[in-house]
Amino acid sequence: MGSSNHYMHTMSKIINLKDLLEKISLFHRQGKKIVFTNGCFDIMHVGHVRYLTAAKAKGEILVVGLNSDKSVNTIKGGGKRPIICEDQRAEVLAGLLCVDYITVFNEPDPLKLIQAIKPDVLVKGADWSEDKIIGADFVKKNGGQVVRMPLVPKISTSSIIQKILTVHS
C-alpha cells in the first residue's frame, strides 16, 4: 500500500455521526461486537496506547468518541486545554491500528453518542467508579457490558504538561 493510500485509509476512520451510525448498523447486523470509549487524548502517551489496545481486545470494532476542542475547554476549564487541536488529535488516533473509527463530539459528556451507537461494550479508565461512568446504565439496560480498564500509573497528559513546565521553566 502506497503512503498516500495509507493516509487516505487513516483519514477515513474519522467520520461524522450519521455515517458512523450507518456503519454501526451494518456491524450489528453482522453480529460484530462494538466497543466504545471516549476522551480528550490531548498529548498521546503510552497510557493512551495501552488503554485503547486493551479496549479493542474487548470486541471487534473500536469506536472512539473524541471530545472536540470546545468540549475539552469546558471540561478541563481555564482555556488552556487542549494543547493539540481536535483535527490533529483525531488524526493521531486514526494512525493507531487498534482504533477503527473516531467521531468528534461537542457535548461535555458522550451520553447522546452512546445512546446513538448502542455499544456492546463501554470502556472507561479504572479512575472512574462505575456509578460515575456516563452511559453505563444505558449500555447495561441494552444488554451490554461496562469495563473499567486499569491505567498506567504515573502517566497522564497533565503530568506531562507539568513536567514540561518544571523542566523548561
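What counts, and where the lines are drawn
- Residues numbered from 1 in each chain as written.
- Predicted model: local features only at pLDDT ≥ 70, side-chain atom pairs only at ≥ 80, totals over all residues.
- Heavy atoms only, no water.
- Core = buried A, V, L, I, M, F, W, Y, C linked by side-chain atoms within 4.5 Å.
- Buried < 20%, exposed > 50% of the residue type's maximum accessible area, 1.4 Å probe, protein only.
- Helix = DSSP H or I, 4+ residues; strand = E, 2+ residues; numbered from the N terminus.
- Contact = heavy atoms within 4.5 Å.
- Pairing = 2+ DSSP bridges.
- Axes fitted to C-alpha atoms, helices over the stretch in contact; angles between N-to-C directions.

J.: Explanation requested: the nonpolar core in the structure shown.
T.: A general tendency of soluble globular proteins is for nonpolar side chains to be buried together. Core analysis: the biggest nonpolar cluster contains 19 residues, and Leu52, Val64, Leu93, Val99, Ile102 and Val123 have the highest contact counts within it. Among the secondary structure elements, those contributing two or more residues to this core are helix H3 (46–56), strand E2 (61–67), helix H5 (86–94), strand E4 (121–125) and strand E5 (145–149). Excluding residues that lie within four positions of it along the chain, Ile102 makes contacts with Lys13, Ile14, Ile15, Val64, Leu66, Ala90, Leu93 and Ala94. Within the second largest apolar cluster, 18 residues are counted, among which are Ile15, Ile24, Phe36 and Ile133.

J.: I'm lost on the sheet that holds E5 in this one. Help?
T.: Either a parallel or an antiparallel arrangement is found when strands of a sheet pair, and the pairing is made through backbone hydrogen bonds. Spatially, E3-E2-E1-E4-E5 is the arrangement adopted by the five strands of the open sheet, whose pairing is parallel. In this open sheet, the two strands that pair with only one neighbour each are strand E3 (101–105) and E5. For this sheet the average axis-to-axis angle between neighbouring strands, irrespective of direction, equals 25°. The pairing of E2 with E3 spans five bridges and is parallel. For Gly65, the partnering residue across the bridge sits in E3 and is Thr103. Contacts from H5 reach E2 and E3 within the one sheet, and its direction differs from that of E2 by about 165°.

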